[in-house]
Each structure stands twice: as structure tokens, then as C-alpha cells.
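# Remarks on the overall topology
In case you want the letters, here they are:
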Amino acid sequence: MSQKKVEVNPDLYDLVSVLTKSLSDELKDMIRGAEEENYSLVREKIHSSKGAALTFGFTAYAKELEVMREFTLKQDANGLCNSLTRLKLLLENAVFVPAE
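The sections below set out a description of the structure shown in this document. Since the model is a prediction, treat every value here as computed from it, not as a measurement.

### Overview of the packing of helix α1 (residues 16–35) against helix α4 (residues 77–93)
As a packed pair, α1 and α4 sit with axes 11 Å apart at the nearest point and diverge in direction by 165°. Judged by the angle between their axes, α1 and α4 are roughly antiparallel. The hand of the α1/α4 crossing is left-handed. Packed against α1, whose contacting residues are T20, L23, S24, L27, M30, I31 and A34, the element α4 presents L80, L84, L87, K88 and L91 at the interface. In terms of residue class, the contact of α1 with α4 is built from nine nonpolar, two polar and one charged.

Set out below in C-alpha cells:
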């Protein structure tokens with residue numbers, strides 16, 4: 001996957017490291033929840049991650065979280081696993097830059 005440029009409001013740019021740490025921690029929680037088939041935990045983390053991602057303009061991540069939410073509602077473990085992999089790649093390949 002190629003790097004994905006995410007343009008962040010300049011007023012929030014200094015907080016990007018907090019965002020990426022938070023999303024990474026929540027992703028770990030979602031992976032644990034998926035392993036335990038704790039779909040309510042996964043949905044809880046999806047909700048908070050989506051809000052943070054949208055605040056910083058990380059729309060691709062937020063869209064994947066929406067897809068993942070559907071997998072949790074269907075309790076589709078395979079789809080959930082694939083979605084978690086896509087989220088991990090999105091987070092690893094995001095390059096945050098201040099919006100002009």
C-alpha cells in the first residue's frame with residue numbers, strides 16, 4: 001500500500017502524534033476484541049476512533065471503520081479480520097501534513 005497523505009487542520013497538526021498513538025492503542029483493543037469475539041468492545045472502539053479520525057481529516061480510516069462496524073453487527077469474524085488488517089495498513093502508511 002502506498003503512502004496516504006492526510007491533510008490536517010494546522011491548528012490540530014501539533015496533536016497528530018496524540019492521534020496516531022490513540023488510534024494505534026484503540027486498534028490493538030479492537031484486535032483483542034475480535035480475538036475474544038467481543039463485538040461490543042470492537043464497536044465501542046470503532047466509535048471513538050471514527051470521531052478522532054474525522055476530527056483530523058483521516059477520512060479513509062473513518063470509512064474503513066464504518067465497513068468494520070457492519071462486520072461486527074453481522075458478527076462476521078473473517079470480514080472483521082480483513083478490515084482490521086486494512087486499518088493497520090492505513091495507519092502505518094498515513095503521512096500527516098498541515099492543510100494549506
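### Here's the deal with the environment of Y39
Its location among the elements puts Y39 in helix α2 (residues 39–55). C-alpha of Y39 to C-alpha of V8: the two residues are 31 residues apart in sequence and 31 Å apart in space. Once residues lying within four places of it in the same chain are set aside, the contact partners of Y39 are T72, Q75, A77 and L80.

### Some points on the pattern of salt bridges
Counted by the stated rule, this structure contains nine salt bridges. When the shortest N-O distance is used, the salt bridge between K5 and E7 registers 3.9 Å. Relative accessible area serves as the criterion here: at 54%, K5 is assigned to the exposed category. Given a relative accessible area of 45%, E7 falls into the partly exposed group. Residues joined by salt bridges that share partners form a network here, namely D29, R32, E36 and K45.

### Some points on the side chain of S83
Residue position: S83 is located in helix α4. Each residue touching S83, except ones within four places of it in the same chain, is listed here: E64, M68 and F71.

The rules behind the values
Residues numbered from 1 in each chain as written. Predicted model: local features only at pLDDT ≥ 70, side-chain atom pairs only at ≥ 80, totals over all residues. Heavy atoms only, no water. Axes fitted to C-alpha atoms, helices over the stretch in contact; angles between N-to-C directions. Helix = DSSP H or I, 4+ residues; strand = E, 2+ residues; numbered from the N terminus. Parallel < 35°, antiparallel > 145°, perpendicular 65-115°, else oblique. Left-handed = near helix turned anticlockwise from the far one by under 90°. Contact = heavy atoms within 4.5 Å. Nonpolar A, V, L, I, M, F, W, Y, C, P; charged D, E, K, R; others polar. Salt bridge = Lys/Arg side-chain N within 4 Å of Asp/Glu carboxyl O. Buried < 20%, exposed > 50% of the residue type's maximum accessible area, 1.4 Å probe, protein only.

Keep in mind that these numbers describe shape and distance, not what the molecule does.
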